[in-house]
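Close look at the chain arrangement
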Amino acid sequence: MTPEDILDFEFERLNYAVALEVFEYPPDRHRPGRLLRGNTSFSPRDYSRDVHAAFDVVKEMKEKGWLFILNNEGERWEATFYRNGKTSINVVDDTAEGAICKAALLAVLGEE
């Protein structure tokens, strides 16, 4: 998964990637597109379109040590995750939720 891929993700694929990489839910190998919490299979939340779910992403990132800034750039939104004064990931998107999800995903994948 490249940064370009992440920036071009459709909603469903972005939601799945956020659940998998940010929240670290394991995939359900018997049901494609679903994840596991214990023995329970579930679909990822709509992180990229639901503001409450998007801010759960922010909360999870803060628990991982990332700081967060959200700016409105006219009709677009800029989400920034940063830490250590050195690492900074910014994404500008049409929605705050999309910017948050894409920035969070780029941040955690950049750690690997």
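First, a word on what this report is: a plain description of the structure on this page. (Residues numbered from 1 in each chain as written. Predicted model: local features only at pLDDT ≥ 70, side-chain atom pairs only at ≥ 80, totals over all residues. Heavy atoms only, no water.)

**Some details on the pairing of strand E5 (residues 87-93)**
Applied cut-off: If DSSP finds at least two bridges between two strands, the strands pair. Think of it this way: any DSSP run of H or I at least four residues long counts as a helix, any run of E at least two long counts as a strand, and we number them from the N terminus.
Pairing of strand E4 (residues 76-83) with E5 involves 7 bridges; the strand directions are antiparallel. Paired with threonine 80 across the two strands is asparagine 90, which belongs to E5. Hairpin connection of E4 to E5: 3 residues between the antiparallel strands, including asparagine 84 at a positive phi of 60°.

**Some words on helix H3 (residues 51-63)**
This is how it is decided: Take the residue count of a helix, subtract one, and multiply by 1.5 Å to get its expected span. Type-normalised accessible area, obtained with a 1.4 Å probe on protein chains alone, sets the label of each residue: buried when under 20%, exposed when over 50%, and partly exposed for intermediate values. Comment: arc refers to directions from the helix axis out to C-beta atoms.
Taking 1.5 Å per residue, 13 residues should reach 18 Å; H3 reaches 19 Å between its end C-alpha atoms and fits that length. Turning to H3, its buried residues number three or more, namely Ala53, Ala54, Val57, Val58, Glu60 and Met61. Buried positions in H3, seen along its axis, are confined to an arc of 165° and lie on one side of it. The exposed set on the far side of H3, more than 90 degrees from its buried face, consists of His52, Lys59, Lys62 and Glu63.

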